[in-house]
Every structure is written in C-alpha cells, then in structure tokens.
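An overview of the molecular structure
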Amino acid sequence: MRSRTCNALCRAPAQIIRSLSTLQVFVLGSVFIIALYHLSIFLLRKEDRSSLYLAAGCVMLIARLLAEGFYAGFGDALRFPYALARRADYMTFIWSPVIFGRLNHSLLPHDVDKRILKAFGLVGIASTLFVIATPVEVFASSVFFDPVIALEMGCSLWAVAKAAVKKREDSLLLLASSLVLALSIVHDIFYNADLLGEITASVQLYAYGFLIYLCLYSLVLAKRFSKSFSEARQLSIELTDTLARLNASIKARIDAELSFLRMQIKPHFLYNTLSMISSLITREPEKAKELLLDLSDYLRESYRFDSQDGLIELAEELRLVELYLKLVRARYKDRFDVIFDVDDSIKLRVPMLTIQPLVENAVGHGVFDMTKGGIVEIAVKKRQDCV
C-alpha cells in the first residue's frame, strides 16, 4: 500500500497537469510568467510593493489550479495529500481578498482604508487557523467562508468604485478588472451551491476571471512604470538644460567680472604709461621705443579673446605680469626689484588677469609705502597636490 502511494506521488506532477484542461494549462503558464515578471520588478524596486502583491496573487491562482488538477487526477484516493491539497485550496480562497486589498491600497492609497485591511488580515489569520486545526470534512462543510469572502470582495470593490467616482488615475480600469473577478467568484459560489442549474456554464470561472484581473492590473502597473520612466527622463533632460544654463550664466558672470577688472586696470595705467613714454621721446628715444614695444605686447596679450573658456597657460599669464612690472619699474625709475621664482615644470591653465591684480596691489600698497622701495617676488611652486 505504501509503495503504491509513493509511486502515485512520484507521478503526481505529470498526472496533475494531464488532469487540467488545455485552457487551464494555458492559464497556469500565463500566470506563472506574470508572477516571475512582477517578482523581478519588485526585486529591482523594493520601495513599490504593488508588484509583490500582484506576484503573490499569481501564486494564489497557481496553487488553486494545481489543487484542482490534483482533485481531478487523484480524487481522495491519497488521503494525506488530498487533505493538504484541500487546505491549500482553501488558503488561496481565504488570502486572495487580503492580497488584492493590499494591492488596491498600493495603487489607490487615499481610497482604501487601512483599518479594513487590518480587519481582512485578522479574518485571514483566524480562517487559516480554523482550516489547519479542523478535519477536511469540517471546514469544507462550513458556511462561514463564502459570506466572509463575499464581504471582503465587496469592500474592495466599493473602495475602487469610490476612486472611480473621484476620477483617480486608472481607477476605471481597476474597477472593470475588480468587477470581472467579483462576478467570477459570485458565479463559483452559486455554482458550488448548485443554485445555477443550466443558466450558465458548467465550469468554475474563478481562474479565468482571476487571469483577466491579473492582466488588467498588470496593464495598470505597466502604464505607471512607463509614466515614471518618462517623468524621470523628462526631469533628467530639464536638469541637464538647467545645468547648461547655469554653467553658461556662471561663465558669462566670470567674463563680465574679468572685463570689469580689465576696465579698472587699464585707464589710469595706460594714461600714466603713455605720459612717461612721451616724456622720454626727446630725451631717451631708444628707451621710449623699447617701452612702447613693451606696452604694445602687453596690450595685445591682455586683450586676447581666442580662449573659449577664459583660461590661458600659466607661462602666458606670467609673461603679462612681467611686461606690466617692466613698464611700472620704468615709470618709477627702478624703485623696486622684481624676482620671479617659477618652477618651469608646472604646466597648467589659469583664468586671465588673476595674477596681475595681486601684483598691482603688492606694488601700490606694499612697495610704494616703503621709504626705500623693496622687492616684489612672484613664486610658483608645487605644494603636495596643489600649486
């Protein structure tokens, strides 16, 4: 006897599948794929539990279909497996409204009352304990389950209907899918009670209504994921444009400040330098010619606009400072000395006219305040990871 039971259990998976109709096998395969898909989405986006609830609903339907296949293939010949299958079947019936109540809450959080969901959960736990603790004949003959399940489905349907009245996003599609599932469950309740007679099909419609429900809810989730992706893409584009405008604005401000700085430097410096050169033309024409060439080089270098980013090589900036100091020293008759201590191995680009204002302040507020002049030293050295 035990050997026959073991052999029957080994053949059970194939026998269960053979016992299902072609349409039921199609539903089983479809729901299995939907479950894997939404479980994968949940693992990628764990903050959104709607996919998890939908995958759990798929598992409920798969378990119910397998239980039906077991009944059709073995009946109650295998006592212990039959009892397990019956309990699993009732578990799916008990927990499906709970799971889909949670799913509705994740999609319509403002319309589904959390207190009702907690009540669903408590009823599910109590019903589960009853099914586990009592023999199959007892819980299978109980009239407790059908009205409770009908009440839970009615509450969920009412919440979705309220959302549809308020014109919530996708609420009409959710209402249509909930109506299909509710009607299939009501049909099965009357069918099991032999109250339908010949008015309707002589099969249970729960699995097919469930499949339509899952497909429509999957469509809603797909629409929301697509919308989220489109919004994220649009935000990315807007952020990129904002950063580009900000970068352009910063560059324009820097250019404006540099232009203002040049305007501040040039007028009095040019006036004083030209006055000095004009005074030397008759007395020291060669000196005046040399200084005039230096001034020409200085102006040409300081008004360079070929740099797109406003940066020039450090050597070019130092050359500009050198020309500036040469002109100033000529004007003040070498009242101060200049020392350049520059590491020639340093190669970098700096904003134009960043060093000259520092040198001009050193000359105007440092050297000229000293009775006997002084020394202006420009040093460029490497200090660890900076210059």
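Preceding block: the structure.
Please read these numbers as outputs of a predicted model, since none were measured by experiment. (Residues numbered from 1 in each chain as written. Predicted model: local features only at pLDDT ≥ 70, side-chain atom pairs only at ≥ 80, totals over all residues. Heavy atoms only, no water.)

Some details on the overall build of the chain
Where we set the bar: Put simply, DSSP marks the helices as runs of H or I at least four residues long and the strands as runs of E at least two long, and each gets a number from the N terminus on. Burial classification: accessible surface area is computed with a 1.4 Å probe over protein chains only, and a residue below 20% of its type maximum counts as buried, one above 50% as exposed, and the rest as partly exposed. The contact criterion used throughout is that any non-hydrogen atoms of two residues lie within 4.5 Å. Here, Shrake-Rupley sampling with a 1.4 Å probe gives the accessible areas, and only protein chains in the shown set may cover a residue.
For the chain, the helix and strand inventory stands at 13 helices and 4 strands. A buried classification covers 39% of the 387 residues belonging to the chain. The contacts of the chain with a sequence gap of at least 6 include a subset with a gap of at least 24, amounting to 74%. For the chain, the exposed surface amounts to about 22900 Å²; the carbon and sulfur share of it is 63%.

Comments concerning the side chain of Ser96
Definition in use: Polar contacts, as counted here, are pairs of nitrogen or oxygen atoms within 3.5 Å of one another; within protein the pair requires one atom able to donate a hydrogen and one able to accept it, and residues that are adjacent in sequence qualify only if both atoms are side-chain atoms.
Note that Ser96 resides in helix α5 (residues 79-107). The exposure class of Ser96 is buried, given its relative accessible area of 5%. At 2.5 Å, the side chain of Ser96 and the backbone oxygen of Thr92 are in polar contact. If we skip the residues at most four places from it in the chain, Ser96 touches Met60, Tyr206 and Phe210.

Section: the packing of aromatic side chains
Any two aromatic rings considered together are summarised by their centre-to-centre distance and by the angle between their planes. The condition is simple: Note on aromatic contacts: the rings of Phe and Tyr and the six-membered ring of Trp form a pair at centre separations within 6.5 Å, being stacked when their planes are under 30 degrees apart, edge-to-face when over 60 apart, and tilted otherwise.
For the coordinates displayed, the defined rule picks out 7 aromatic pairs. Three or more aromatic residues joined by ring pairs form one cluster here, namely Tyr90, Phe130, Phe139 and Phe145.

A look at unusual backbone geometry
The phi dihedral of Lys167 falls on the positive side, at around 60°, and the residue is not glycine. Relative to the assigned elements, Lys167 resides in the loop between α8 (145-165) and α9 (171-192). Even without a glycine there, the phi angle at Asp170 is positive, about 65°. By the element assignment, Asp170 lies in the loop between α8 and α9. Overall, Asp170 belongs to the buried group, its relative accessible area being 11%.

Brief notes about a positive patch on the surface
Cut-off, in case you're wondering: Here the term patch refers to residues with relative accessible area over 30% and no salt bridge, with like charges joined within 9 Å and nonpolar side chains (Val, Leu, Ile, Met, Phe, Trp, Tyr) within 5 Å. What makes a salt bridge here is a side-chain nitrogen of Lys or Arg within 4 Å of a carboxyl oxygen of Asp or Glu, nothing more. Counting rule applied: Lys, Arg positive; Asp, Glu negative; His and chain ends not counted. Note that the charge is assigned to NZ on lysines, CZ on arginines, CG on aspartates and CD on glutamates.
Among the surface-exposed residues, Arg49, Arg102, Lys114 and Lys118 lie close enough to one another that they form a single positively charged patch. In this fold, Arg102 is placed in helix α5. Relative accessible area serves as the criterion here: at 34%, Arg102 is assigned to the partly exposed category.

Some points on the packing of helix α6 (residues 114-133) against α8
Here is the rule: A fitted line through C-alpha atoms serves as each axis, taken over the contacting stretch for helices, and the angle formed by two N-to-C directions is quoted from 0 to 180°. Convention used here: angles under 35 degrees read as roughly parallel, angles over 145 as roughly antiparallel, angles from 65 to 115 as roughly perpendicular, and any remaining angle as oblique. In this scheme the crossing of two helices becomes right-handed for a clockwise turn of the near helix relative to the far one and left-handed for an anticlockwise turn of less than a right angle.
Put simply, α6 and α8 touch, their axes get as near as 12 Å, and they point 160° apart. Regarding the angle of α6 to α8, the classification is roughly antiparallel. Every pair of crossing elements has a handedness; the one defined by α6 and α8 is left-handed. Side by side, α6 and α8 meet where Ile116, Phe120, Val123, Ser127, Phe130 and Val131 of the first sit next to Phe145, Val148, Glu152, Cys155 and Ser156 of the second.

Quick notes on empty space enclosed by the protein
Selection criterion: Method remark: on a 1 Å grid restricted to protein atoms, a set of points is classed as a cavity if a 1.4 Å probe fits but cannot get out and as a pocket if it is open with protein on both sides within 12 Å along at least five of seven lines; lining residues have an atom within 4 Å of a point. Grid points are joined across faces, edges and corners, and a volume is the space filled by probe spheres set on the points. Gly counts as polar in this scheme, as do all residues outside two lists: the nonpolar Ala, Val, Leu, Ile, Met, Phe, Trp, Tyr, Cys and Pro, and the charged Asp, Glu, Lys and Arg.
By the definition in use, this model includes 1 cavity of 30 Å³ or more. The computed volume of the largest cavity comes to approximately 70 Å³. Around the largest cavity, the lining residues are Pro97, Phe100, Gly101, Asn104, Met153, Ser156, Leu157, Ser178, Leu181, Ala182 and Tyr213. Secondary structure elements with two or more residues in the lining of the largest cavity: α5, α8 and α9. If one sorts the elements of the lining of the largest cavity by residue count, α5 sits on top with 4 residues. Tallied by class, the residues present in the lining of the largest cavity amount to 7 nonpolar, 4 polar and no charged.

Remarks on the pattern of salt bridges
Per the counting criterion, the structure on display carries 14 salt bridges. For Lys166, the salt bridge goes to Asp111, with nearest N and O atoms at 3.5 Å. Taken as a pair, Lys166 in the loop between α8 and α9 and Asp111 in the loop between α5 and α6 lie far apart in primary sequence, 55 residues in all. With a shortest N-O distance of 2.9 Å, Lys381 and Asp341 are connected by a salt bridge. One end of the pair, Lys381, is in the segment after β4 (375-380); the other, Asp341, is in strand β2 (residues 337-342), with 40 residues separating them in the sequence. Since its relative accessible area comes to 28%, Asp341 is described here as partly exposed.

Details of the nonpolar core
Looking at soluble globular proteins, one finds that nonpolar side chains tend to be buried together. Put simply, the rule reads: What makes a nonpolar core is a set of buried Ala, Val, Leu, Ile, Met, Phe, Trp, Tyr and Cys residues whose side-chain atoms join them at distances within 4.5 Å.
By size, the foremost hydrophobic cluster in this structure holds 41 residues, and its most contacted members are Val31, Leu61, Leu103, Leu107, Leu214 and Tyr217. Sorting the residues of this core by element identifies α3 (22-44), α4 (50-74), α5, α8, α9 and α10 (206-280) as the ones contributing at least two each. When residues of this core are assigned to their parent elements, the largest contribution, 10 residues, is made by α10. The residues contacting Val31, other than those within four sequence positions of it, are Cys58, Leu61, Ile62, Leu211 and Leu214. Listed in part, the 29 residues of the second largest apolar core include Tyr298, Leu318, Phe336 and Val359.

What to know about a nonpolar patch on the surface
Taken together, the side chains of Leu239, Leu243, Leu246, Ile250 and Ile254 make up a nonpolar region of the molecular surface, amounting to roughly 460 Å² of accessible area. Within the secondary structure, Ile254 sits in helix α10.

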